[in-house]
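Breakdown of the fold
The residues making up each chain are set out below.
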Amino acid sequence: MNRLDKLFAHKQKDILNIYFTAGYPAVEDTGKIIQALEKAGADLIELGMPYSDPLADGPTIQQSGQKALKNGMTLPLLFDQVQAVREKTDIPLVLMGYFNQVMQYGEQRFLDKCVAVGIDGLILPDLPLYEYEQYYQEMVEKAGLGISFLITPQTTEERIKKVDELSRGFIYMVANSSITGAKGGITDKQLAYFERVNRLPLKNPRLIGFGISDHETFVTACRYANGAIIGSAFIRALAEGKEVEKATEDFVRSIRGVGVSA
Amino acid sequence: MIAINEKGYYGEFGGAYIPEMLHPNIEELRQQYVQVMEEPAFQREFRHLLKDYVGRPSPLYLAERLSGHYKATIYLKREDLNHTGAHKINNTIGQILMARRLGKTRIIAETGAGQHGVATATVCALMGIQCIVYMGAVDIKRQAPNVSRMRMLGAEVRPATSGSQTLKDATNEAIRDWINNPVDTHYIIGSVVGPHPYPDMVARFQSVISEEMKWQLEEQTGRENPDAIVACVGGGSNAAGAYYHYLNEKEVRLIAVEAAGHGIHSGESAATSVLGTKGIIHGSRTLLMQTPDGQITEPYSLSAGLDYPGIGPLHAHLIASGRAEAISITDDEALASAFFLSRKEGIIPALETAHAFAALDKMEYSPEDVIVVCLSGRGDKDLDTYIQHFDRF
Ligand SMILES: Cc1ncc(COP(=O)(O)O)c(C=O)c1O
């Protein structure tokens, strides 16, 4: 059983998925942050493959990607880092990036490498359902990797069902039609959307992302889904310059609402 | 047959590689664009504005002094004489009418040279619709007159400060704006790039260029087909328009002229057909300049309108299949050609367009050949750049 399936088999509530960009703030931080996140009690990690043109990302994640690339981060290096840290951690790892990166690595070679180093799932926001079904579904399923497609408040019911059919692991529920890094609370309109999706008979668990940034928004999201995804807020916490292990521990504690250690 | 399929592919190029947040907008457009464009009422309004507002048909001018110099018959398709000074307005007129049909109340656009930004600001003023134009911070500096024109027309110009701060980055910012404003906004893309159906929709709006060329050539030469059509390619919209009705006329050579910047292998270039590999840029599977790791490369050209690391999927297909020939022109060759055309024919071309003219020095042809060069725009916006080179030419 893949680590993602194992996670969702034993835990259905309050799942905390933290995103960060590989190679940020420093190139050698990837493994350290993964271990610190596991230790601090994150359930799942979404590891960003830094990209020159991240269309769905706001300034915070854009800048972290640019910094990581400047630090010398590459996809082969990322795979090496994951392989090294995999010996020391069992937390599910999902790779997030843009489809061009996968194409250039070679689709089949990419999937094989993911399996070999211990990646559990993929999020490729610009890989459309049609192309996935047509060309890649079989490959991904054969590799035994999870894959999460996105739904937004504008996604029709029919399409949500399609997303559910194609996703393996969890569905990524975008809280608001926006790029990443949006701030502000959760509106009644968004709650209505969460409830609407909850009433649908879906096979996959749902994690809510985009605009989840603190304890309060995390708790609200968890009330309406199996858990939530936090990215930009964590990147901002890492950017403050504290030692990454400490910054990670404090951040996860603040999200879980258990108070920050001295 | 060169044609786009229902999913937006020309051969292996095209498609719509977009985040789910854009799906409703793109899907709405995909389902409706052909139908809307074919409505008689739409066509009436589009044709009326092209004629009385833009000033079409644009002349097909026999350039006798240029013909004498090159020893061939050279016609210029005068898109520089359109309102706002370039071909870009053919597309923005079409898209603003489309946006109105779709009930959109807010327009966004990207621009490189500022010509598309001006053409968008113009049609938004004409229709009384809010207009926001994203422009790379570097381009805001090098195309200052067009920035002022956009502002005078009531548009808001927002600098794109990421990456190389040029056209690619302005396009990223416009797409992000669209993700954030999915309901009321229409994105008027300025070239035959982006996710399906944009490349096809823009090509159809620009196809008026070759539609006119056919009857104008017939009138002036007795035959509809030239031997070659030469156009510069940034994203490729003026080229797509000039090729459109000749795509399946195999005896007509299609010459695509790219910007080589300081030289193809100088590291500062935008010659995508030579330096590019297959990948995805701005939602389209096409040829683009990138590292082996799939990071999109910052291109370079003195010409802001050609300073783009990709080309539209139609052109990727035309070049990959051998239907079109690509020629690359350096900054210096383009500058020399701009001065040459000015003095030979009394026409100051846009710096983008000057690349197309420079290709006349590099292509092969015989004295009986009829060659049409798409004169995509006039050079007023580039005067500052030209002035800096007065001592050299
Ligand atoms: C006069 C002129 N020609 C050509 C271009 C390049 O665009 P395209 O390749 O879409 O025609 C531009 C772009 O700004 C332009 O202003």
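Residues numbered from 1 in each chain as written. Chains lettered and ligands numbered in written order. Predicted model: local features only at pLDDT ≥ 70, side-chain atom pairs only at ≥ 80, totals over all residues. Heavy atoms only, no water.

Residues and elements named next belong to chain B. Ordered in space as β7-β6-β5-β8, the four strands form an open sheet in which the pairing is parallel. If you trace the sheet from one side to the other, it starts and ends with β7 (156-160) and β8 (185-187), each paired once. Sheet twist, expressed as the mean angle between neighbouring strand axes with direction ignored, is 25°. Pairing between strand β6 (residues 130-136) and β7: five bridges, direction parallel. Residue pairing in the sheet places V133 in a bridge with V157 of β7. (Pairing = 2+ DSSP bridges. Helix = DSSP H or I, 4+ residues; strand = E, 2+ residues; numbered from the N terminus. Axes fitted to C-alpha atoms, helices over the stretch in contact; angles between N-to-C directions.)

Bringing the packing of helix α7 (residues 129-143) of chain A against helix α8 (residues 157-166) of chain A into the picture now. Residue and element names in this part refer to chain A. One way to put it is that α7 packs onto α8 with a least axis distance of 11 Å and a crossing angle of 25°. Regarding the angle of α7 to α8, the classification is roughly parallel. Of the two elements, α7 crosses α8, and the hand of that crossing is left-handed. Contact with α7, carried on its side by L129, Y132, E133 and Q137, involves R159, K162, V163, E165 and L166 of α8 and no other residues of that element. Counted by class, the contact of α7 with α8 contains four nonpolar, one polar and four charged residues. (Parallel < 35°, antiparallel > 145°, perpendicular 65-115°, else oblique. Left-handed = near helix turned anticlockwise from the far one by under 90°. Contact = heavy atoms within 4.5 Å. Nonpolar A, V, L, I, M, F, W, Y, C, P; charged D, E, K, R; others polar.)

Attention shifts here to the side chain of A:D250. Structurally, A:D250 is set in helix α12 (residues 244-256). Among the polar contacts made by the side chain of A:D250, one reaches the side chain of A:K242 at a distance of 3.2 Å. (Polar contact = N/O pair within 3.5 Å; in protein donor to acceptor, adjacent residues only side chain to side chain.)

If you look at soluble globular proteins, the nonpolar side chains tend to sit buried side by side. Among the nonpolar cores identified, the biggest contains 157 residues, and A:F20, A:L95 and A:F110 are the most heavily contacted of them. Dropping the residues within four chain positions of it, A:F20 is found in contact with A:T30, A:I33, A:I34, A:L37, A:I45, A:E46, A:L47, A:G48, A:F234, A:I235 and A:L238. Among the nonpolar cores identified, the runner-up in size contains 34 residues, and B:A72, B:A338, B:I347 and B:A359 belong to it. (Core = buried A, V, L, I, M, F, W, Y, C linked by side-chain atoms within 4.5 Å. Buried < 20%, exposed > 50% of the residue type's maximum accessible area, 1.4 Å probe, protein only.)

All right, on to the domain arrangement of chain B then. All names here are of chain B. For chain B, the domain assignment lists domain 1 (17-49 + 88-202) and domain 2 (57-86 + 207-392). Its C-alpha centre places domain 1 at a distance of 22 Å from the equivalent point of domain 2. At the interface, 35 residues of domain 1 touch 39 residues of domain 2. With both sides pooled, the region where domain 1 packs onto domain 2 buries about 2800 Å², and carbon together with sulfur makes up 55% of that total. Together, Y17, R142 and K168 form the three largest contributors to the area buried by domain 1 at its contact with domain 2, with a combined 24%. (Domains from an automatic or database assignment. Buried area = accessible area lost by both parts, 1.4 Å probe.)

Once that is clear, we can look at the side chain of A:D120. Within the secondary structure, A:D120 is located in the loop between α6 (107-117) and β4 (121-123). In this structure A:D120 touches A:N2, A:R3, A:L4, A:R86, A:I91, A:P92, A:L93, A:L145 and A:G146, once residues within four positions along its chain are discounted.

Attention now goes to the environment of B:E333. All names here are of chain B. Within the element layout of this structure, E333 appears in helix α14 (residues 331-345). Measuring from C-alpha to C-alpha, the distance between E333 and A260 comes to 9.5 Å, with 73 residues separating the pair along the chain. Dropping the residues within four chain positions of it, E333 is found in contact with S328, A358 and K362. Of the polar contacts made by the side chain of E333, one reaches the side chain of K362; its length is 3.0 Å.

With that out of the way, let us pick up the pairing of strand β13 (residues 324-330) of chain B. Residues and elements named next belong to chain B. β13 sits mainly inside the fold: five of its seven residues count as buried. Bridge count for strand β10 (residues 253-261) against β13 is seven bridges, and the pairing is parallel. Note on β13: the bridge partner recorded for V257 is I327.

All names here are of chain B. Contacts to the ligand come from 19 residues, most closely from S191, G234, G236, S237 and S376. The set of elements that each furnish at least two residues to the shell around the ligand consists of α11 (237-243) and α15 (351-358). Here the shell around the ligand is built from residues that sort into five nonpolar, twelve polar and two charged. Each of domain 1 (17-49 + 88-202) and domain 2 (57-86 + 207-392) gives at least three residues to the shell around the ligand. (Near = heavy atom within 4 Å.)

In this section: the interface of chain A and chain B. Taken together, the contact pairs 37 residues of chain A with 35 residues of chain B. Regarding the contact of chain A and chain B, the summed buried area is about 2900 Å², with carbon and sulfur atoms giving 53% of it. At the junction of chain A with chain B, the criterion picks out two salt bridges. Counting every contact that joins chain A to chain B gives 19 residue pairs in polar contact (both at pLDDT 80 or more). Mapped by element, the contributors of at least two residues to the side of chain A that touches chain B are α3 (59-70), α4 (75-86), α5 (99-105), α7 and β6 (150-151) of chain A. (Salt bridge = Lys/Arg side-chain N within 4 Å of Asp/Glu carboxyl O.)

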